[in-house]
Every structure is written in structure tokens, then in C-alpha cells.
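# Structural description and commentary
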2 protein chains.
Amino acid sequence: MANSDKKMVEQITSMDEDFAKWYTDIVKKADLIDYSSVKGCMIIRPYGYAIWENIQKLLDKKFKETGHENVYMPMFIPESLLNKEKDHVEGFAPEVAWVTMGGSERLTERLCVRPTSETLFCEHYANIIRSYRDLPKLYNQWCSVVRWEKTTRPFLRSREFLWQEGHTMHATAQEAEEETLRMLNVYADFFENDLGMPVIKGRKTDKEKFAGALATYTVEALMHDGKALQGGTSHNFGDGFAKAFDIQYLDKDNQLKYCNQTSWGVSTRIIGGIIMTHGDNNGLVLPPAVAPIQVVIIPVQQHKEGVLEAAEKLKARLSDKVRVKIDDSDNSPGWKFAEYEMKGVPLRIEIGPRDIESNQCVVVRRDNREKLFVSLDNIESVIEEQMQVLTKALYEKALENRTKRTYTATDLDSFIKIANEKSGYIKAMWCEELECELKLKELADVTSRCMPMEQEQISDRCICCGKPAKKLVYWGKAY
Amino acid sequence: MANSDKKMVEQITSMDEDFAKWYTDIVKKADLIDYSSVKGCMIIRPYGYAIWENIQKLLDKKFKETGHENVYMPMFIPESLLNKEKDHVEGFAPEVAWVTMGGSERLTERLCVRPTSETLFCEHYANIIRSYRDLPKLYNQWCSVVRWEKTTRPFLRSREFLWQEGHTMHATAQEAEEETLRMLNVYADFFENDLGMPVIKGRKTDKEKFAGALATYTVEALMHDGKALQGGTSHNFGDGFAKAFDIQYLDKDNQLKYCNQTSWGVSTRIIGGIIMTHGDNNGLVLPPAVAPIQVVIIPVQQHKEGVLEAAEKLKARLSDKVRVKIDDSDNSPGWKFAEYEMKGVPLRIEIGPRDIESNQCVVVRRDNREKLFVSLDNIESVIEEQMQVLTKALYEKALENRTKRTYTATDLDSFIKIANEKSGYIKAMWCEELECELKLKELADVTSRCMPMEQEQISDRCICCGKPAKKLVYWGKAY
């Protein structure tokens, strides 16, 4: 590698030296975002937005396959509407942006920019649901939302972010619970199989649940540095909002009944999660399912006869199966290698005069730089196979990191010691009392990440108070 | 048709009786929108949103084919940023929504919710453009924008609406002008070939152009009632914003030069345009390209053996070519006919026992209710053909309406008489003076719709002042 090529790579801070700085370097150097004079918000640049578009396409397909329809609600919520559900407004009011003027006139009622749209969906559902025949209603929307955060970081915590929010209404409590778990599983499947990110499915404690929800379920991922990231959440509201908004339906038995409700969402946070799960000191590593460029073809000695033609031919053969690009710019191959490694392109194909002579090309994986010499005869199938292999390898590596960083504690002293000395999940039993949850936060600076669906009884006693244990909890520090 | 079926149809006001009421009836009865407590904003319901998704897919493909990339900018604009370009702020400041509080704190600088994003794009471009190698920059974003309108109507004029805004930067004035016209042509092609809506391509007068633009081009469509609708606009900014935002690049000749800029957009207004161009007294009529359901299959005597199976088989055969749905609900065929006519589904297939016996089905066009008896052997090709035929028929019908409603005036008295007695375009010559434009507004209550690209010299004199004519203008009343 030439000196100038090296220089570009060296511009990223090493992740072992300063993980936060490494992260910020990547989002900038891989051209994912830019800052602007709008404090706390980000510009999502073409390469970053293309990742989001791919996430949208994959999830939207899954939502539609499970019977959901997209809608669009207003971006504003009148204060009186936000105030209708007590827990909800208490949870969100402190962090909303308020519109108080329209043109030069002061509004008679201020409007918040939606932090989430339960109240708007509820008002609409109250309008359109009459009978059991109208149920279930399975709506979703893709939009941006605003939460007035004090400290922000690109993708992870931003005053405005892009997301989808599903909002559904059901006849019975059981159907609502089924929907809540169905969508949790849709998320888990997406994280694990498309993004190569292992997740723990679990339920949030009452302290950590969504404002106004009966139960919040979550998929939790562990980042490279051992901090947890809430990947997506799915909430069962029971009939709490339905009562506040008077959403009733006439059932088959001619009785008026309250609807049961869910909501569920994932956001551009996912992109932050991908970076911190798979990225390395050479830059981004993208799972093929969401990579804007899945394969980059780098012609070697491209001025020599036949090289560019061979590269073009290769591109043409691959282009209806994968998102492929040729870089035939004047930059050196070494510069290009570094550039597309920084951008996390999953597979690189090198093709030069000698390759052409022997009817082959070189396929290099982004994750481990493994080189394969592949006959041009069956390049299509090799590329498709290698994308799967790579996704699986990303998953295995992330799972290995999580396994390595998952600790178990059965007494308070070792719990605190692990929390102080290690970074990762601590599995420990809990009595279900808020007091103990708060105390663990105070003593060990951790929060409950979730009560996993797959419960184990690793001890009979609460890690904190010693009273009978009720739940296994994953504890940790989170983004 | 049974009485109960008729009743549903009769619920729409006749378009000849009250066009405005007819329009509002359709947007509600075809389940396109709903109102909420958020004044001046609309809820776009699943059926309406699916139309928008189809519009997005078609246009996004055209944008990407012409080299554009999608990005996402913050939804807020700090007041000082909005103020940077004088004409622009004067045009937009009176109609923006202002955020003045974040949580419980008053902001030190108020933020407007974007009415359009030129200023944000400019700030970003100033950050990322250095040399001629960085040009052109061809960005687009899909988002919602807010303009604090006093009187609102679903899709046509709403405080919040969905749109796309392209923003591009070029090295030379010529390239910017080429881009402006390229995108105008993309819009014209979309309106005419996908939506079956004839448009007049033209340039706006200085009075009607976009705040801050050098030149605004437009595609203007004529609605069924003879009022015009601005379908999409494409603006050439020259280097006005570039100078205000200091967007310079180092050219090949080593000189620093200002960039030349364009922007162009279409919005959910298009849906209003489709309704008012193609709709009739039975409801919506959708061009197949954007119809959420292109073909609805209605089983006749569906309880009889083999009918539902035949309908399902038909659906399976069509479903990878068109968006097809079966309605096998308990409602009567007559009720279903009326329902899908209201929803504007382009083609209806009826299939019953006798059809099955003779290996055929009945295909009914939404626009003219023409019935075709089609052999099941080649139903796929007939359906594909009929969708094209229907789009062309919609276009022809709309063109006929426009031709019928296009008047020519060469003296002021007849101009005023036409404006008072007729509804449509008036073609008349103009001297290019603002005074005459204002006077025609005062005397005849019309505005200049555009100066068409295809100029004719229908008279030597300005229709208003009698001075030498410079431009042919289409005048009219507009939505």
C-alpha cells in the first residue's frame, strides 16, 4: 500500500483507543452524515440515506406481508390531544419541541412536533372504528419524529430522527399481545438474518417501559465495546389509550367493548448499531442486505487492453443480482481498496490482465480480507454465496463478542465488581421491586436492559435485596 | 342495481352541481383522507397513501436514472439561516410555523419548520463542494413541509404536505438551465404518460416565480371544471443563493467560481389533480400506473361450485403482472361494483358460472364502463393492453376538455368577457410588464399560468396596454 493510501486509513481513531471518537470518525469519513447549523440534528448524506432506504425496503415488505398498511398522520399534535393520556404526556412533554407561532400570529393552542404518534392514531381510530368488522386495524407510518435531547450523537441520539411507527387496534387483549410479539419477532428476524446482529428478545421492566404502555418488549443488541443498544421496541397498550380516547367497537354479541392496542418502532438508530457491531479500524463493515454497494469491482492496471471491458462485462453479469459498482477513476488500486473498506462494501472484486488471461478474478471479503480466486464461469453464484457467508460470519463474530462479554452474578459484591471492571451484560436475578432496580443503578451504574423471554433460574435470591427472585434480568450500560 | 347499492352512489354530490363539494365527497368516500384535531392538516389513509407510494416509486426511479441521489435534511431551519437570501425569506417568512420552545426551555433562536429546504441544502453544499470534481451535485429528498395557509383543502392546499424537493449544484449556468429543463421534462413525461394528464410546459412570469429564483418553469394541468393546477415546478437559481451562501468551487483554470443551482418539486397535490382531472360522478378514476388496486376480481354467484376457485386461479395468473385483488365478501356484486368504482379501480373482472363454462370472463373499464368478453386463455395480455388503452383514453378525454376550454383573446373586452363567462385557459399576448399582469387580475380575476415553451404570435399587441407584445401567456383561475 502506498503512503498516501495508508494516510487515509490512519485518519480514523483506533476503536481500542477511543471508541466514541472512532464512531464519530466513521460516520463522517464514510460520508454517512454531516452537521449543520441546526443543533442536535443531522444531515443524512446519500450513502447513509441509501442504507436507510434498504432498511425501509426490507422492513416495509415484512410489514406488508404481515398485513400492515402505511398511512401518514400530521406531524403536529395539539397540546390538549397530547394531554389525553396521563402517563404518556408525563413521559414525553419534557422533551418535545413546541410550535407557538404560525406566520406572524401566535397560535391559540400550541402544537408539539410529534415525538411519537399514539395520540394521533387514537383520535383517528376513534373516528373510524365502529364494529368488530373493522378490526384489526394494522397501520404503520414512516416519518421523522422530534425529541428535544440535551446531548446528541449521530444516529444514536438526535433531536430529529427517522423511524417507522406501527399502531394497531385489536378486538381482544390476546390478539394485541400476539401482535406485539409478532412484530418483536419480525424485528429479531431482521436484526439477526439481514443485519447479522444477534439480539436478546425480552421484556422491559416497568421503570424502562414506554410511557403509557402495559408492557414493552425489546430486542437488545450488544455493541463491540460491551455497551447495549435497544434495537427496536414493541408495546402492548392494553385498553389504556382506548379508554382515554373512547375507542369502542360493537362486538358480535352486541356489546360495546374497548379496543386493545399495540405500537412498535425502529429508527435510524439501527445504522449506529450496525456501525458499532460490525465496524473495525479500517472503517464501516456493512451487512450485504443493506449495503448500498454490495460489490465493488476494481480494475487492476486498467489502462491495459481488455481490462475495463472485462470489468464492465462482469458488472453487467452481476447487476441484476447484486448492487454493483465499478470504480475506474484515476485513483490507485490501493487508494480504492482503502476507500471501499472505509465505506464497508461487503465484497471487492479485483480484475487485471493476468486474471483475465486465466479466466478468473479475485474476490475479497470486507470482514476478514480473505481472498478467493474465482473462475469467471461461475462468478454469479460465488458472489451470492459469499454474501450469505459474510452475513453469517458477521453474526458469529458479534455473537462471540456478546458471549465473551456476558457475565453472571449471584451476589451483590461480584455484581458491582463486574460492573466496575468489565463492559457487557450482567445476568442476575431480581425481585421485581423498583427499589432494587434504582439501587443497582446507584451502586453499579447499570440499568435493566430486559427480562429475557428465555428465563433461567440462576439463583433463588434477588441480587440486590436477597428476597425471593422473580426474574432473570440482563443488566448493563446502554447507548 | 339494488336500491341499497344506488344509495351509496347517490351520496356523492354531482360534479356539475357543486364541483368543490363533489371533490370533498370523493376524498372522504374513497377513503383517501380523514380530518383530525390538527387544523389545516390531513390524515392520509391507507388507500390515499398507497397512491402516493406508487407516485414515489415511479418518480424516484426516474430521478435515480437521471443520476440523482436521495438525502435527508433536518426539518428545522434556524431563523438566521432562513434570512440569508433576501427574496427567499420575504417569500416564505409570512407562512412558516415557528418552534420557540424545546421542552420547557425557550430557544435562544427560533426555528421554522421547513417550508422548503434551499437554505439547508446551500449550507451543506458550501461545506462539501471544493472543486469542479465535486460537481454536479444532484440531490433529492422526500419529506413533509409546512406552510401556514389560512384556507386549506385536502391535497390541494394543506398546512403540511408531502413532497420531493430536488436540489442540484452545477459548474456553469448552462448546465443548471439544462438540469432545470431536464427535470421539467421528467415531470411532463410522468404526468402525460403515467397519469394520463396533459400538461402545458412553460415559464412563470416574474410575479409568479419562486421566491429567490432566476426562472421558474412549470407543468400546468387543467382540471375538469376549467381551473388550472400547477402540477410541478422546476427552478433555476443561477448563482444567487451561491453568492449568499458562498458556495464556490475551484475550476480547472484554477479560478474560484460560484456554483449554479436548481431546485424542483412535486407534492401530494398531484393526487388532487388526478381526482379533478379524471374523476366522475361515480367517484375516483385512477390511472393504472398509480392505482393501489389495478384490477379487482368480482366473483358472480360466488357460492356456486368452482366460482371462487376460478377467481383465485385468475388472481394467481395476474398477480405478478398487476396489482390485483379479489373481493369475495358477502356484499352483493352490485354493491361491490359501486364500491370499486368509487375507489377508481381501473379494471374490474367479473367471473361467474356461465363465464367459466364458456372459458371467459368480463372485463369492465372504469372510465367508460365498456365491457369486454375475454377468453381466459389470453387474459394476461388483454389486461396489460387494456391498462394502456385506459391510460391513453384518460389522456385523450382530458386533452379534449382542455382543448374545449382553451380560449383565445386579442382584445381586452373579449378577454374580460371570456374570463367572466367561461372557465378555462385564455391565450393572450403580454408586454412583460408587471402593471398589465396586475391589471388583468383586477379586471378579469385571472393570473398568468405560464408563458408556454411553444410560443405563438397570436397578436402584435399586449392584450392589456396595447404596447408591443413580447410573450404569449396562458391566463386562468387556479387551485
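## Topic: the sheet that holds strand β17 (residues 347–351) of chain B
Residue and element names in this part refer to chain B. Spatially, five strands are ordered β16-β15-β17-β18-β19 in an open sheet, and the strand pairing comes out mixed. Since the sheet does not close on itself, it has two edges, and those belong to β16 (324–326) and β19 (371–375), each with one partner. Along the sheet, successive strands turn relative to each other by an average axial angle of 25°, direction set aside. Pairing geometry for strand β18 (residues 360–365) and β19, over five bridges, is antiparallel. Of the residues in β19, the one forming a bridge with Val364 is Lys371. Lying on the sheet, helix α11 (residues 333–342) is in contact with β15 (295–299), β16 and β17; it crosses β15 at an angle near 170°. Each of β15, β17, β18 and β19 is contacted by helix α13 (residues 379–404), which is oriented at about 15° to β18, the strand it contacts most.

## Looking at the sheet that holds strand β5 (residues 97–102) of chain A
Read across the open sheet, the six strands follow the order β4(A)-β6(A)-β5(A)-β5(B)-β6(B)-β4(B); overall the sheet is antiparallel. Two strands lie at the open edges of the sheet, namely β4 (76–78) of chain A together with β4 (76–78) of chain B, each paired on one side alone. Taking each pair of neighbouring strands and ignoring which way they run, the sheet shows an average axis angle of 45°. Both β5 of chain A and strand β5 (residues 97–102) of chain B contribute to a ladder of five bridges, which runs antiparallel. Within β5 of chain B, the position partnered with Val99 of chain A by the bridge is Val99 of chain B.

## Re the environment of Ile128 of chain B
Of note, Ile128 of chain B is situated in helix α6 (residues 118–128). When its relative accessible area of 14% is taken as the criterion, Ile128 of chain B is described as buried. Put simply, Ile128 of chain B and Tyr249 of chain B are 121 residues apart on the chain and 9.9 Å apart in space, counted from C-alpha to C-alpha. Among all residues touching Ile128 of chain B, those that are not within four sequence positions of it are Asp34 and Arg45 of chain A together with Asp134, Lys137 and Tyr139 of chain B.

## Considerations on the relation of the copies chain A and chain B
For the pair of chain copies, the relating transformation is a rotation about an axis with a translation along it. Superposing chain A onto chain B takes a rotation of 180° combined with a translation of 0.0 Å along the rotation axis, leaving an RMSD of 0.0 Å. Within this description, the copies of the chain are treated as partners about a two-fold rotation axis. Relative to the rotation axis, the closest C-alpha in chain A is found at Val99 of chain A, a distance of 2.1 Å.

## Things to note about the interface of chain A and chain B
Interfaces are often described in size by the accessible area the parts lose on coming together. Contacts between the two partners involve 55 residues from chain A, matched on the other side by 55 residues from chain B. Interface area, chain A with chain B, both sides summed: about 4,300 Å², of which 59% is carbon and sulfur. Viewed at the interface, chain B and chain A are joined by four salt bridges. With a closest N to O distance of 3.3 Å, Lys64 of chain B and Glu53 of chain A form a salt bridge. Joining chain A to chain B, the criterion identifies 26 residue pairs in polar contact (both at pLDDT 80 or more). Of the residues that constitute the side of chain A that touches chain B, the class distribution is 32 nonpolar, 10 polar and 13 charged.

## Observations concerning the environment of Asp355 of chain B
Residue and element names in this part refer to chain B. Along the polypeptide, Asp355 turns up in helix α12 (residues 353–357). Overall, the relative accessible area of 11% leaves Asp355 in the buried class. With 21 residues separating them in the primary sequence, Asp355 and Leu376 have C-alpha atoms 9.3 Å apart. Contacts of Asp355, omitting those with residues within four sequence positions, involve Glu350, Gln360, Cys361 and Val362. One polar contact links the side chain of Asp355 to the main-chain amide nitrogen of Gly352, over a distance of 2.8 Å.

About the criteria used
Residues numbered from 1 in each chain as written. Chains lettered and ligands numbered in written order. Predicted model: local features only at pLDDT ≥ 70, side-chain atom pairs only at ≥ 80, totals over all residues. Heavy atoms only, no water. Pairing = 2+ DSSP bridges. Helix = DSSP H or I, 4+ residues; strand = E, 2+ residues; numbered from the N terminus. Axes fitted to C-alpha atoms, helices over the stretch in contact; angles between N-to-C directions. Contact = heavy atoms within 4.5 Å. Buried < 20%, exposed > 50% of the residue type's maximum accessible area, 1.4 Å probe, protein only. Least-squares fit on C-alpha atoms with pLDDT ≥ 70 in both. Buried area = accessible area lost by both parts, 1.4 Å probe. Salt bridge = Lys/Arg side-chain N within 4 Å of Asp/Glu carboxyl O. Polar contact = N/O pair within 3.5 Å; in protein donor to acceptor, adjacent residues only side chain to side chain. Nonpolar A, V, L, I, M, F, W, Y, C, P; charged D, E, K, R; others polar.

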